[in-house]
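Listed below, chain by chain, are the residues.
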Amino acid sequence: MATRPLAIVSAMHEELHALLALLAPHAADATRTIAGRRFHLGSMHGRPVVLVLSGIGKVAAATTASLLFHEFDARALVFTGVAGGLGEGMCVGDIVVADQTLQHDMDASPIFPKYEVPLTGRSRFGADANLTDQLVESAVRCMDDSDTTIGPAHLAQFGIASPRVHRGLIVSGDRFVATAAEGRALIAALPDALAVEMEGAAVAQVCADFDRPFAMLRTISDRADDTAHVDFSRFIAEVASIYSRAVVHGWLAHAR
């Protein structure tokens, strides 16, 4: 491609389909399939983009990120998805934007400190400050306009009253955290962690390897405990996907 695209990676099919609706009509069918992944090329607000589904888990997501840089020379990567809330005050329907990521299941001790990625000297991989600022600003605008984005009556069906935007540490691991005991253990070990999911920290590591800016936003779908949301698919389709589309749309419309 003549101009390097922005990569926008979705964790769920529903979110990808919602974002595809933002592509300029003339480019809506421009796709390439590589390693079983379908990459959608086009433009949003006049900016070249490539959209793709990450795959579930750290290895699948890392492969996807590597392909975006190697095959498309993406200049930056933004990841959207859902996560389980960990931190105090993290509620279903909130949005969290990462400023740091960590693999909570990385443990090569005693050779290396727990959580440290071997041979990197790092356990935490930071997000790009400028991209993160812009996503936070867009998410706040989205929440301020929630009456038209989704509507309070519809949000109330999911027990969402006053959704908020958070910024902080998101942790990743190759297991779905869905019990209170697992959630408490993560909070005890990583008290500043706001949310947990299965891909982001691996993608952040790949972005660091390629020296490309990384940012991530996640909608809280459950509290990573025994009260995990009972209608996950409906939440993705009717809340998380709409938030992701609105935040990405607003980000690109105001991008600096």
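The sections below set out a description of the structure shown in this document. Since we're looking at a predicted model, the values are computed, not measured.

Some remarks on the overall build of the protein
- Each helix and strand counted, the protein has 8 helices and 10 strands in total.
- Taking the principal axes of the C-alpha coordinates as reference, the protein spans close to 50 × 50 × 30 Å.
- Going through the 256 residues of the protein one by one, you find that 54% of them count as buried.
- Here the analysis covers contacts within the protein between residues at least 6 apart in sequence; of these, 78% occur between residues at least 24 apart.
- Working note: accessible area of the protein is about 10800 Å², and carbon and sulfur atoms make up 54% of it.

Overview of the environment of Ala-178
- Positionally, Ala-178 belongs in the loop between strand 8 (165-172) and helix 6 (180-189).
- Sequence-wise, Ala-178 and Gly-84 are 94 residues apart; in three dimensions their C-alpha atoms are separated by 8.2 Å.

Remarks on the packing of helix 1 (residues 13-20) against helix 8 (residues 232-254)
- Here helix 1 crosses helix 8 at 40 degrees, and the two axes come no closer than 9 Å. It follows that helix 1 is oblique to helix 8 by the angle criterion. Of the two possible hands of crossing, helix 1 and helix 8 adopt the one that is right-handed. Only Ile-236, Ala-237, Ala-240, Ser-241, Ser-244, Arg-245 and Val-248 of helix 8 make contact with helix 1, whose side of the interface consists of Glu-14, Glu-15, Ala-18 and Leu-19.
- For the contact of helix 1 with helix 8, the per-class residue count stands at 6 nonpolar, 2 polar and 3 charged.

With respect to the nonpolar core
- Core analysis: the biggest nonpolar cluster contains 73 residues, and Ile-8, Leu-68, Leu-77, Phe-214 and Trp-251 have the highest contact counts within it.
- Ranked by the residues each element gives to this core, the list is headed by helix 8, at 9 residues.

What about the pairing of strand 5 (residues 76-85)?
- A large share of strand 5 lies buried, amounting to 10 of its 10 residues.
- Two strands pair when backbone bridges link them, and strand 1 (residues 6-10) and strand 5 are joined in this way by 5 bridges, in the parallel orientation. Counterpart to Ala-7 in the pairing with strand 5 is Leu-77.
- Examined bridge by bridge, strand 5 and strand 10 (residues 214-222) share 8 bridges and lie parallel to one another. Pairing of Gly-84 across the sheet is with Asp-222, part of strand 10.
- Two strands pair when backbone bridges link them, and strand 5 and strand 9 (residues 193-197) are joined in this way by 2 bridges, in the antiparallel orientation. Note on strand 9: the bridge partner recorded for Gly-84 is Val-196.

Some remarks on the pattern of salt bridges
- One pass over the structure, following the stated rule, counts 10 salt bridges.
- Note that Arg-32 and Glu-71 form a salt bridge whose closest N and O atoms lie 3.6 Å from each other. Here the residue Arg-32 occupies a position in strand 2 (residues 31-34), and Glu-71 occupies one in helix 2 (residues 58-72), the gap between them amounting to 39 residues.
- On the basis of relative accessibility, which here comes to 36%, the residue Arg-32 falls in the partly exposed class.
- Across the pair Glu-197 and Arg-218 runs a salt bridge, and its minimum N-O distance is 2.3 Å. Taken together, the positions of Glu-197 in strand 9 and Arg-218 in strand 10 put the pair 21 residues apart, joining distant regions of the chain.
- When salt bridges that share partners are traced, they join Arg-4, Asp-73 and Arg-212 into one network.

A look at the packing of aromatic side chains
- Counted under the stated rule, the structure contains 2 aromatic pairs.
- Measuring from ring centre to ring centre gives 4.9 Å for Phe-39 and Phe-72, while their planes differ by 40 degrees; the resulting arrangement is tilted. Here Phe-39 is found in strand 3 (residues 37-44), whereas its partner Phe-72 is found in helix 2, with 33 residues between them in sequence. There is no split in this pair, since Phe-39 and Phe-72 are both buried.
- Arranged with centres 5.1 Å apart and planes meeting at 40 degrees, the rings of Phe-69 and Phe-210 form a pair that is tilted. Residue Phe-69 is located in helix 2, and its partner Phe-210 is located in helix 7 (residues 200-210); the two are separated by 141 residues in the primary sequence.
- Note on Phe-210: relative accessible area 30%, which makes it partly exposed.

Criteria and cut-off values
- Residues numbered from 1 in each chain as written.
- Predicted model: local features only at pLDDT ≥ 70, side-chain atom pairs only at ≥ 80, totals over all residues.
- Heavy atoms only, no water.
- Helix = DSSP H or I, 4+ residues; strand = E, 2+ residues; numbered from the N terminus.
- Buried < 20%, exposed > 50% of the residue type's maximum accessible area, 1.4 Å probe, protein only.
- Contact = heavy atoms within 4.5 Å.
- Areas by Shrake-Rupley, 256 points an atom, 1.4 Å probe, with all protein chains shown as cover.
- Axes fitted to C-alpha atoms, helices over the stretch in contact; angles between N-to-C directions.
- Parallel < 35°, antiparallel > 145°, perpendicular 65-115°, else oblique.
- Left-handed = near helix turned anticlockwise from the far one by under 90°.
- Nonpolar A, V, L, I, M, F, W, Y, C, P; charged D, E, K, R; others polar.
- Core = buried A, V, L, I, M, F, W, Y, C linked by side-chain atoms within 4.5 Å.
- Pairing = 2+ DSSP bridges.
- Salt bridge = Lys/Arg side-chain N within 4 Å of Asp/Glu carboxyl O.
- Phe/Tyr/Trp six-rings, centres within 6.5 Å; stacked < 30°, edge-to-face > 60°.

That is the geometry; function is a separate question.
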